[in-house]
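Observations on the three-dimensional arrangement
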Amino acid sequence: TMKSLVVGVFFLICLLNIIDLTEGQVYGFGRCVRPKVQPNFDKSRYLGRWYGIQYYYPIYFQLNDICVSATYGENPDGSISVLNQGMDKYSRQPNIVNGRAEVKGNAKLSVDFGFPMNTPPGNPDSNYWVLETDYDTYSVVYSCTDYYGLYHTDMLWILGREKQLTSDRILA
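These remarks concern the structure in this document. All residue numbers refer to position in the chain's written sequence, counted from 1. In keeping with the model being predicted, local features are shown solely for residues with a pLDDT of at least 70 and side-chain atom pairs are shown and tallied solely at 80 or more, while totals for entire chains, interfaces and linings include all residues. Hydrogens and water are ignored here; the side-chain numbers use all heavy atoms of the structure.

Centre distance within 6.5 Å is the pairing criterion for rings of Phe, Tyr and Trp, where only the six-membered ring of Trp is used; planes under 30 degrees apart are then read as stacked, over 60 as edge-to-face, and the remainder as tilted. Per the stated rule, a full pass over the model turns up seven aromatic pairs. Ring centres of F41 and Y135 lie 6.3 Å apart, and the angle between their planes is 35°; this geometry places the pair in the tilted category. Note that F41 is positioned in the loop between β1 (26-29) and α2 (43-46) and Y135 in the loop between β7 (128-133) and β8 (138-147), a separation of 94 residues in sequence. Note on classification: 1.4 Å probe, protein chains only; a residue is buried when its accessible area is under 20% of the maximum for its type, exposed when over 50%, partly exposed between these limits. Classification of F41 by relative accessible area gives buried; the value is 13%. A relative accessible area of 6% means that Y135 is categorised as buried. Of the aromatic side chains, those joined through ring pairs into one cluster are F41, Y46, W50, Y72, Y128 and Y135. Above the ring of W129, the side-chain terminus of K108 is found at 4.1 Å from the ring centroid. Strands are runs of DSSP state E lasting at least 2 residues, helices are runs of H or I lasting at least 4, and numbering of each runs from the N terminus. Charge-over-ring contacts are defined here by two conditions on Lys NZ or Arg CZ: a distance within 6 Å of the ring centre and an angle within 35 degrees of the ring normal.

Another aspect to go through is the pairing of β8. By the criterion of burial, β8 is predominantly enclosed, with nine of the 10 residues buried. Any two strands with at least two DSSP bridges between them are considered paired. What sits between β7 and β8 in their antiparallel hairpin is a turn of four residues, with Y135 showing a positive phi close to 70°. Between β8 and strand β9 (residues 151-160), which pair antiparallel one after the other, the connecting turn spans three residues, and Y148 there sits at a positive phi close to 60°.

Turning our eyes to something else, we now look at the nonpolar core. Nonpolar cores are built from buried Ala, Val, Leu, Ile, Met, Phe, Trp, Tyr and Cys residues. Side-chain atoms within 4.5 Å join them into one set. Core analysis: the largest hydrophobic core is formed by 26 residues, its most contacted members being F41, Y46, Y72, Y128 and L159. Breaking this core down by element, the ones donating at least two residues are β3 (65-74), β4 (80-88), β5 (94-105), β6 (108-112), β7, β8 and β9. Contact between two residues is taken to exist if any of their heavy atoms lie within 4.5 Å; hydrogens are not considered. When neighbours within four sequence positions are excluded, L159 is seen to be in contact with Y46, W50, Y51, G52, I53, Y128, T137, Y138, S139, V141 and L165.

Below, the discussion takes up the side chain of Q38. Locating Q38 in the fold gives a position in the loop between β1 and α2. For Q38, a relative accessible area of 12% corresponds to the buried category. Side-chain atoms alone can form a polar contact between residues adjacent in sequence; in general such a contact is a pair of N or O atoms within 3.5 Å, and within protein one must be able to donate a hydrogen while the other accepts it. Side-chain polar atoms of Q38 contact the backbone nitrogen of T133, separated by 2.8 Å. If we ignore the near neighbours within four places in the chain, the residues touching Q38 are N106, A107, V130, L131, E132, T133 and Y135.

Turning our attention to the side chain of R161. By secondary structure assignment, the location of R161 is in the loop between β9 and α3 (167-171). Of the buried charged residues, R161 lacks a salt bridge, with D136 as the closest side chain of opposite charge at 5.8 Å. A polar contact is formed between the side chain of R161 and the backbone oxygen of Y46, at a distance of 3.2 Å. Aside from chain neighbours lying at most four places away, what touches R161 is R45, Y46, L47, G48, R49, W50, Y51, Y135, D136 and T137. A positive count includes Lys and Arg, and a negative count includes Asp and Glu. His and the chain ends are not counted in either. We count a salt bridge whenever a side-chain nitrogen from Lys or Arg sits within 4 Å of a carboxyl oxygen from Asp or Glu.

Purely geometric numbers; function is a separate question.
Written out as structure tokens, the structure is:
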């Protein structure tokens, strides 16, 4: 019956939302925002190692990580190799995730780690947006996943070329 179908779909949506809550992102109603990104993004200057300074709503495979870094390199096909490293703060075991990124627009990259990220069909390709960087000191990165225009999940990272940023840079 129609009532059973509606109840079933509602239950499925609730279940998927509960599963998604374990990933650590923050939720918002409606579609993803479209913030301005770094003008004239220079991929070659962005490559190299970045350290995780601050995370706002980290992705699930980084939830318990400390000493996090991401190293970006250029693959022969022009794509970007991604090596995320960290250490579980409880077990002290290393956590290493390899991926591949492609530039999809100015300062907008699509990153693939080879496993499902609960990304629904129709989600924007670019899930790693460099909002601001000076290439030598800091980078602010935003990611958003849009769920059919009903709600979205946001993540934000502040990265640094060194393991710590000075307070004047953080407050700028």
